[in-house]
Amino acid sequence: MTGLWVVLATLALGTVIGVVKLRRDGRVRDVAPAPDGLTEADLGAGLGERATLVQFSTAFCQPCRATRRVLADVSGIVPGVAHVEIDAESRLDLVRRLDIMRTPTVLVLDSSGNIVKRASGQPRKEEVLAALAGAVSHGSSHESSHNPDEM
């Protein structure tokens, strides 16, 4: 009888862990303010005029392909938003600096390159659009004090 309880407890624990993982996977969340943002040199590409979607991917990551399509679509329909994809394997310096633990990881940057949102896993299009709304308003509140030479 004890063995049955162990099996049932293990199944229950596995189910709970699976449900929690599914609910958190791809969820866009706020991040703590960082002392420095990302620059064009970090990204190897220009920042978007209003916001930038930065995607960390790896070659054999299936959800990365779907995330690429979502972010490309969003950056195509929202003016002033750039999408930059970074190969995590070739940019281990950034992976370590930004504590990227899995791919895809998506960072939402405001117009100054500050990270304002983050998602680990494949985000949904609606969540990316909502995150961009926050990033655009965050970036516009700093534009008046932004000096183009500061980067």
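Our structure is the block above this text.
These numbers were taken from a predicted model, which means no experiment stands behind them.

**Student:** So what's going on with the overall build of the chain? Which residues, and what values?
**Tutor:** Counting secondary structure elements, the chain contains five helices and five strands. Of the regular secondary structure in the chain, the N- to C-terminal order runs α-β-α-β-α-β-α-β-β-α. Looking at the chain as a whole, 38% of its 151 residues qualify as buried. Per element, the accessible surface of the chain, about 8,900 Å² overall, is 58% carbon and sulfur.

**Student:** A description of the pairing of strand E5 (residues 115-120) should follow, citing residues and the corresponding values.
**Tutor:** In terms of burial, E5 is a largely internal element, six of the six residues being buried. One ladder, built from five bridges, connects strand E4 (residues 105-110) with E5; its direction is antiparallel. Within the sheet, the bridge partner assigned to Val-106 lies in E5 and is Ala-119. Connecting the antiparallel pair E4 and E5 is a turn made up of four residues, with Gly-113 showing a positive phi of about 90°.

**Student:** Let's hear about the pattern of salt bridges: which residues, and what values?
**Tutor:** Overall, the coordinates contain five salt bridges when judged by the stated rule. The shortest N-O distance in the salt bridge between Asp-42 and Arg-97 comes to 3.3 Å. Of this pair, Asp-42 sits in helix H2 (residues 40-43) while Arg-97 is found in helix H4 (residues 92-97), placing the two residues 55 residues apart along the sequence. A relative accessible area of 15% means that Asp-42 is categorised as buried. Owing to a relative accessible area of 39%, Arg-97 belongs among the partly exposed residues under this scheme. We note a salt bridge from Glu-127 to Arg-124, for which the minimum N-O separation is 3.3 Å. The buried category is assigned to Glu-127, whose relative accessible area is 18%. A residue is classified by how much of its surface remains accessible, and Arg-124, at 38% relative accessible area, is partly exposed.

**Student:** Can you break down the state of the cysteines residue by residue, with the values?
**Tutor:** Tallied over the full model, the rule gives one disulfide. The residue that forms a disulfide with Cys-61 is Cys-64, at a sulfur-sulfur distance of 2.2 Å. On the sign convention where negative is left-handed, the bridge of Cys-61 and Cys-64, at about 85° about the S-S bond, is right-handed. In terms of burial, Cys-61 and Cys-64 fall into one category: buried.

**Student:** Summarise the environment of Arg-118; cite the residues concerned and give the values.
**Tutor:** Residue placement: Arg-118 occurs in strand E5. Accessibility expressed as a relative area gives 13% for Arg-118, which makes it buried. The spacing of Arg-118 and Val-108 is ten residues in sequence and 6.2 Å in space, taken between C-alpha atoms. At 2.9 Å, the side chain of Arg-118 forms a polar contact with the backbone oxygen of Leu-98. A distance of 2.8 Å separates a polar side-chain atom of Arg-118 from the backbone oxygen of Asp-99.

About the thresholds
- Starting from 1, residues in each chain are numbered consecutively following that chain's sequence as written.
- Reporting in this predicted model follows two pLDDT cut-offs: at least 70 for local features of residues, and 80 or more for side-chain atom pairs to be given and counted; totals over whole chains, interfaces and linings ignore these cut-offs and use all residues.
- The side-chain numbers reported here are obtained from all heavy atoms of the structure, hydrogens and water having been left aside.
- Put simply, DSSP H or I for four residues or longer makes a helix, DSSP E for two residues or longer makes a strand, and each gets a number counted from the N terminus.
- Relative accessible area decides the class of each residue, using a 1.4 Å probe on protein chains only: under 20% of the type maximum gives buried, over 50% gives exposed, and in between gives partly exposed.
- Note on areas: these come from Shrake-Rupley sampling with a 1.4 Å probe, and a residue is covered only by the protein chains present in the view.
- Criterion used throughout: strands pair if DSSP finds at least two bridges between them.
- Counted as salt bridges are all cases of a side-chain nitrogen of Lys or Arg within 4 Å of a carboxyl oxygen of Asp or Glu.
- Any cysteine sulfur atom paired with another within 2.5 Å is treated as part of a disulfide.
- In the analysis that follows, any N or O atom pair within 3.5 Å is treated as a polar contact, provided that within protein one partner can donate a hydrogen and the other can accept it, and provided that, for residues neighboring in sequence, both atoms belong to side chains.

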